[in-house]
Amino acid sequence: MSLLIRNFLTFASERKISPLLQISCKLTEFQGVDTENNMDEVEKTTTKRIKVVEKAKLSISFYDTAWVAMVPSKESKEKPSFPECLEWVMENQQGDGSWCHNPSYHPLLVKDYLSSTLACVLALHKWKVGQSLIKRGLEFIEANYWAATDERQLTPIGFDITFSAMIELAKEYGLELSFLSKTLDVLLQKRDSEVARCELEGTEAHLAYLIEGLGEKYKWEEISKHQSNGSFFNSPSATAAVLFYNHNPQCYDYLTTLLKNSDNTVPTTYPSKIYSQLCAIENIQKLGIDDMYFRTEIDNTLDKIYRLWVQRDEEIYLDVNCCALGFRLLRLNGYDVSSDALAQVSEEEYIFNSAGPQFKNTKTILELFKASKLMMYEDEHVLEKLEVWTCSLLKQQILTGAINDSKLHEEVGHALKYRYDNLNFLEIRWEIELQKATSVQLVKASYSLNDNNIELLALAIQQYNICQSLYQKEYQDLERWVKICRFEELNFARLMLLNCYYTNSAVLVAPELAHARVSITKNCVLATVVDDFFDIAGSKEELENLVQLVQRWGETSTIGYHSEQVKIIFSALEDMIKELDAIAFKYHGRSVEHHLVKIWYELLKSMMKEATWARENAIPSLDEYMENAYISFALGPICHVTTYFLGITLPEEVMVGPQVYDLFKHVSLVGRLLNDLKSFKREREQGKYNSVSLRVLHSQGSMTEKEAIEGVKRDIEKYRKELLRLSVQKEENSPPKPFRELFWNFSNVLHYFYMDNDGYSNPKNKMATDAKIVLWEPISR
């Protein structure tokens, strides 16, 4: 997403930029719940939104434009080398005399406005133009100079160094700034202290990034080693400052290319096309509108970026943010990218001792933390180290209140709290609300999508509310189904319809996945009833009867029902399978009844084995337990069956093949072990065994309960890594992406249930709130 609306305050204060225009638009109202007509309307509104990702670019920076405007011509020091930048400065002063993006004026960003305004005043004065503009600019600075030493203000990186240097330059030019004398003394002390600290600590990169603040005092032999692609840290202002004091052909070439490729405007950093495109992609994905509207454009853009990644393009590899975000999006979208690309930044010391200061902000640390969560292999030590120090640092910043921007503070807290338990629909809701609140209160962030941000946000809200209206109707139909099945007559059964539906709809978000949502919910409800029947209410004869009815499918009349309870359960199962088979036939052109029955039979056999162990007080080995338990966890009917309803037609050998089964097995192993961690104490009291208690029991006293728990956690991590790999990597003969994503998304549901306790059996208060959000609370405009 471009950096978009969120995190504006921190981003604006931590980069040498001014904020953009205030968002002044009213989001389109969504009228009614006529789903089909409204979906057509949404599609019409997107026809003009062409190449949103490809055209994503940085906005103009007043500060950087002013410094480029000050660069003298190679032929004559009396003429500007880039007059178009000078013209832009003259044409873009605000009514209050400042050069900032009014009406986005924010009371905590006055230092940034002062810096941009003084730079523009200097550019005009240097070339002896715009005297009236200079006068009004100085009046703005005089009215607001108090902010330069106000500790409550958000301070752009290097402000104490660069602003004091510009004051000194203004005095050399003969500009009257007597009101800044005392301020200058304070800033000069801060500058000298900061420069001395950097020299003592050997962090020349920090000073190289702030060349414009050093004047003629910088040591070229030390600074020059930080030049790459003609620029210094891709900063136009720093590069222009070199030309302001010294001739350097590479710097000229860099700025000339920048202006040519940026339509004669100057962004805060260049090159930035790849990063802007990655940000745009992330924004579209987080708003939940990628697959419906932008899938082709996103895929094409990622293909191009991957080719540049393989070629080790400097724009990617020299920018920590671009590299971390590129790694994350490419890996999540199935591209083969190695975490070795992040090896240099896996050490905390690199970021704080070597990297330029533009990469030391909270946003960068957060981006690296998110990248560290994509471990897919056992030996990804780069990501392991990265996770440790970024997590620790972000937690420290949260605890100490070091993050001034409330929105960034919220995002960091959100990232630290939710690891693998994100439900897509709730995440979309969270992102929309975050962007919506910021768009109303603040301004667009420094990276924009050519003013498409608000249009995208309106589209996301519209789609969210359309989906929610569909969910409400589906849930009402499922409530009627529960009554028709007579489940309420089974006094022992947990009827977990709400839990089953809202969590599954939250990961099967798209409107066209209605059959998948119905399948996964009905199978989930029925599997819970059957699980309770085997655990609590069923006699040996009843359980054997139910297993036999499924084993000899179609012979109900000759087998009969041992009890009314068996009849209710089997009748519901039989009707559901026949209903789902009829729907699947429309997708695949063949009956899948035999496969659905087989999946259910395997589940019942595994449950029967566990019931026999309990009845006979048998103690299985850990391997025996796991080989059976991942099936008895009941994700066969819940996940495996649902693959028939994802809108993709595949031959039977794929649907029943090893690739899909491997996905099912790994998500089941993760779910079973998560459940065991939260239930082993309760089950131990009931005389049952699971993977925790069996480890301790079979160790013959050599393993403590705590060690057993840690062993289970390591196994969860191992299976989760492999599940992620299976879910995102494109391999020969692997199932289509929607198949793979289903299993990964359902693993998030399992983490959601079991992160704190057994939230499936004993729903948490938060879950009731989340259910309400998913089903009954539309997003207002």
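Cut-offs and rules
- Per chain, residue numbering runs from 1 following the sequence as it is written.
- pLDDT decides what is reported in this predicted model: residues at 70 or higher carry local features, side-chain atom pairs at 80 or more are listed and counted, and totals for whole chains, interfaces and linings draw on all residues regardless.
- Calculation of side-chain values draws on the structure's entire complement of heavy atoms; hydrogens and water are dropped beforehand.
- Helical segments are the DSSP runs of H or I of at least four residues, strand segments are the runs of E of at least two, and each set is numbered from the N terminus.
- Per-residue accessibility, obtained with a 1.4 Å probe over protein chains only, is compared with the maximum for each type, and a residue is labelled buried under 20%, exposed over 50%, and partly exposed between these values.
- Note on definitions: a residue-residue contact is assigned when non-hydrogen atoms from the two residues lie within 4.5 Å.
- Only the protein chains shown count as cover for residues, and all accessible areas are computed by the Shrake-Rupley method using a 1.4 Å probe.
- By salt bridge we mean one thing: a side-chain nitrogen of Lys or Arg within 4 Å of a carboxyl oxygen of Asp or Glu.
- Between N-to-C directions, angles cover 0 to 180 degrees, with each direction set by a line fitted to C-alpha atoms, over the stretch in contact for helices.
- Reported orientations rely on four angle classes, namely roughly parallel under 35 degrees, roughly antiparallel over 145, roughly perpendicular from 65 to 115, and oblique for the rest.
- In this scheme the crossing of two helices becomes right-handed for a clockwise turn of the near helix relative to the far one and left-handed for an anticlockwise turn of less than a right angle.
- Only Asp, Glu, Lys and Arg are considered charged, only Ala, Val, Leu, Ile, Met, Phe, Trp, Tyr, Cys and Pro nonpolar, and every remaining residue, Gly among them, polar.
- What a helix is expected to span follows from its residue count: subtract one and scale by 1.5 Å.
- Stacked, tilted and edge-to-face are the three classes assigned to paired rings of Phe, Tyr and Trp, where Trp is represented by its six-membered ring and a pair needs centres within 6.5 Å; plane angles under 30 degrees give stacked, over 60 edge-to-face, the rest tilted.
- Geometrically, a lysine NZ or arginine CZ counts as sitting over a ring once it is within 6 Å of the ring centre and also within 35 degrees of the ring normal.
- The definition of a nonpolar core used throughout is a set of buried Ala, Val, Leu, Ile, Met, Phe, Trp, Tyr and Cys residues joined through side-chain atoms within 4.5 Å.
- In the cavity and pocket records, a cavity denotes points on a 1 Å grid over the protein atoms alone where a 1.4 Å probe fits but cannot get out, a pocket denotes an open set with protein on both sides within 12 Å along at least 5 of 7 lines, and lining residues are residues with an atom within 4 Å of a point.
- Grid points are joined across faces, edges and corners, and a volume is the space filled by probe spheres set on the points.
- For every residue, the predictor assigns a confidence score, pLDDT, that lies between 0 and 100.
- Polar contacts here mean pairs of N or O atoms no more than 3.5 Å apart (in protein, one a potential hydrogen donor and the other a potential acceptor; neighbouring residues in sequence count only if both atoms are side-chain atoms).

Mind showing me how you'd approach the overall build of the protein here?
From N to C terminus, the protein includes 36 helices and four strands. Considering the protein as a whole, with its 781 residues, one finds that 61% of them fall into the buried category. Pairs at least 24 residues apart make up 74% of the contacts formed inside the protein by residues separated by at least 6 positions. Of the roughly 31,800 Å² of accessible surface on the protein, a fraction of 49% belongs to carbon and sulfur atoms.

What exactly am I supposed to notice about the pattern of salt bridges here?
Note that side chains of opposite charge can pair when their charged atoms are close. Taken as a whole and judged by the stated rule, the model has 34 salt bridges. Across the salt bridge formed by K373 and E387, the nearest N and O atoms sit 2.5 Å from each other. With K373 in the loop between α18 (362–372) and α19 (381–400) and E387 in helix α19, this pair connects stretches of sequence that are 14 residues apart.

Teacher, can you tell me more about the packing of helix α28 (residues 593–616) against helix α29 (residues 622–632) here?
For any two helices packed against each other, one specifies the crossing angle of their axes together with the interaxial distance. Viewed as axis vectors pointing N to C, α28 and α29 meet at an angle of 130 degrees, and their least axial separation amounts to 8 Å. For the element pair α28 / α29, the angle class is oblique. Between α28 and α29 lies a crossing whose hand is left-handed. Packed against α28, whose contacting residues are E602, L603, S606, M607, K609, E610 and W613, the element α29 presents E624, Y625, N628, A629, I631 and S632 at the interface. Tallied by class, residues from the contact of α28 with α29 come to six nonpolar, three polar and four charged.

When you look at helix α6 (residues 131–144) in this model, what are you seeing that I'm missing?
Given 3.6 residues per turn, any residue in an α-helix points the same way as the ones three and four places further on. In a regular helix each residue adds 1.5 Å, so 14 residues correspond to 20 Å; α6 covers 20 Å between its end C-alpha atoms and thus fits that length. Close packing links the buried residues of α6 with α4 (83–91) and α5 (110–126).

Please explain helix α27 (residues 564–588) as it appears in this structure.
Look at α27: 35 Å from first C-alpha to last across 25 residues, which is about the 36 Å you get at 1.5 Å a residue. G589 sits one or two residues past α27 and shows a positive phi near 70 degrees.

When you look at unusual backbone geometry in this model, what are you seeing that I'm missing?
Glycine aside, residues mostly have negative phi angles, and peptide bonds mostly take the trans form. The residue R486 is not glycine, and still its phi comes out positive at about 65 degrees. On the secondary structure map, R486 appears in the loop between α22 (453–484) and α23 (497–505). Its identity as a non-glycine residue notwithstanding, N617 has a phi of 55 degrees, on the positive side. Note that N617 resides in the loop between α28 and α29.

Got a minute to help me understand the packing of aromatic side chains in this structure?
For any pair of aromatic rings, the description consists of the separation of the ring centres together with the inter-plane angle of the planes. Scanning the model with the defined rule gives 20 aromatic pairs in all. Both rings, one in Y587 and one in F645, keep their centres 6.3 Å apart while their planes meet at 80 degrees; by these two values the pair is edge-to-face. In this pair, Y587 is assigned in helix α27 and F645 in the loop between α30 (635–640) and α31 (652–655), connecting sequence segments 58 residues apart. Taking relative accessible area as the criterion, F645 reaches 1% and is therefore assigned buried. Each residue in the set F425, Y464, Y471, Y475, Y501 and W776 is aromatic and connected to the rest through ring pairs, giving one cluster. Over the ring of Y252 we find K74, and its NZ or CZ is 5.1 Å from the ring centre. Directly above the ring of W127 sits K126, whose terminal nitrogen or CZ lies 4.8 Å from the centroid.

Looking at this structure, how should I read the environment of L750?
Residue position: L750 is located in helix α35 (residues 737–754). When the C-alpha positions of L750 and N422 are compared, they lie 9.9 Å apart, and in sequence the two are 328 residues distant. Sequence-distant contacts of L750, that is, excluding residues within four places in its chain, are made with F633, L635, V667, G671 and L674.

Looking at this structure, how should I read the packing of helix α3 (residues 62–69) against α4?
One can describe the packing of α3 onto α4 by two numbers: an axis separation of 8 Å at closest approach and a directional angle of 135 degrees. By the angle between their directions, the pair α3 and α4 is classed as oblique. Regarding α3 and α4, the two cross each other, and that crossing is left-handed. Taking contact as the criterion, the partners of F62, T65, A66, V68 and A69 in α3 are, on α4, C85, L86, W88 and V89.

Teacher, can you tell me more about the nonpolar core here?
The nonpolar side chains of a soluble globular protein tend to be buried with one another. Membership of the largest hydrophobic core comes to 178 residues, with the highest contact counts inside it found for L342, F487 and F534. Take this core: its biggest share by element is 13 residues, from α22.

Explain the side chain of T65 to me, please; I cannot follow it from the model alone.
Note on placement: T65 falls in helix α3. Contacts of T65, omitting those with residues within four sequence positions, involve I60, C85, W88, V89 and V266.

Whenever I open this one, the layout of surface pockets confuses me. Can you help?
Rolling a probe over the atoms, with the probe sized like a water molecule, indicates the empty space that remains. Each pocket or cavity is described by its volume, and for the second largest pocket that value is around 1,100 Å³. Taken together, 50 residues form the lining of the second largest pocket, with D531, D535, E610, E683 and K688 sitting closest to its centre. For the lining of the second largest pocket, the secondary structure elements donating two or more residues are α23, α24 (514–537), α25 (540–551), α28, α29, α30, α32 (658–685) and α35. Among the elements that make up the lining of the second largest pocket, the one with the highest residue count is α24 (10 residues). For the lining of the second largest pocket, the per-class residue count stands at 26 nonpolar, 12 polar and 12 charged.

It is not clear to me how the confidence of the model for the protein should be interpreted in this structure. Could you clarify?
Caution applies to low-pLDDT parts of the model: their predicted coordinates are not meant to be read in detail. With 85% of its residues at a pLDDT of at least 70, the protein reaches an overall mean of 82. Low pLDDT (under 50) marks residues 1–50, which in the prediction has 175 contacts with non-local residues, meaning those over four places away or in another chain. This stretch, residues 441–450, has a pLDDT under 50; its non-local contacts, to residues over four places away or in other chains, come to 56 contacts.

Sorry if this is basic, but what is going on with the environment of A514 here?
For A514, the location among the structural elements is in helix α24. Residue class for A514 comes out partly exposed when judged on its relative accessible area of 25%. It is 8.5 Å that separates the C-alpha atoms of A514 and Y471, two residues lying 43 residues apart in sequence.

How should the side chain of D715 be read in this particular structure?
Mapped onto the fold, D715 is located in helix α34 (residues 705–728). Residue class for D715 comes out buried when judged on its relative accessible area of 19%. Only 2.4 Å separates the side chain of D715 from the side chain of R695, close enough to count as a polar contact. When sequence neighbours within four positions are dropped, the list of residues in contact with D715 reads L673 and R695.

Would you mind showing me how to read the environment of L374 here?
Relative to the assigned elements, L374 resides in the loop between α18 and α19. Overall, the relative accessible area of 8% leaves L374 in the buried class. Here the alpha-carbon distance between L374 and R331, two residues 43 residues apart in the chain, equals 7.8 Å.

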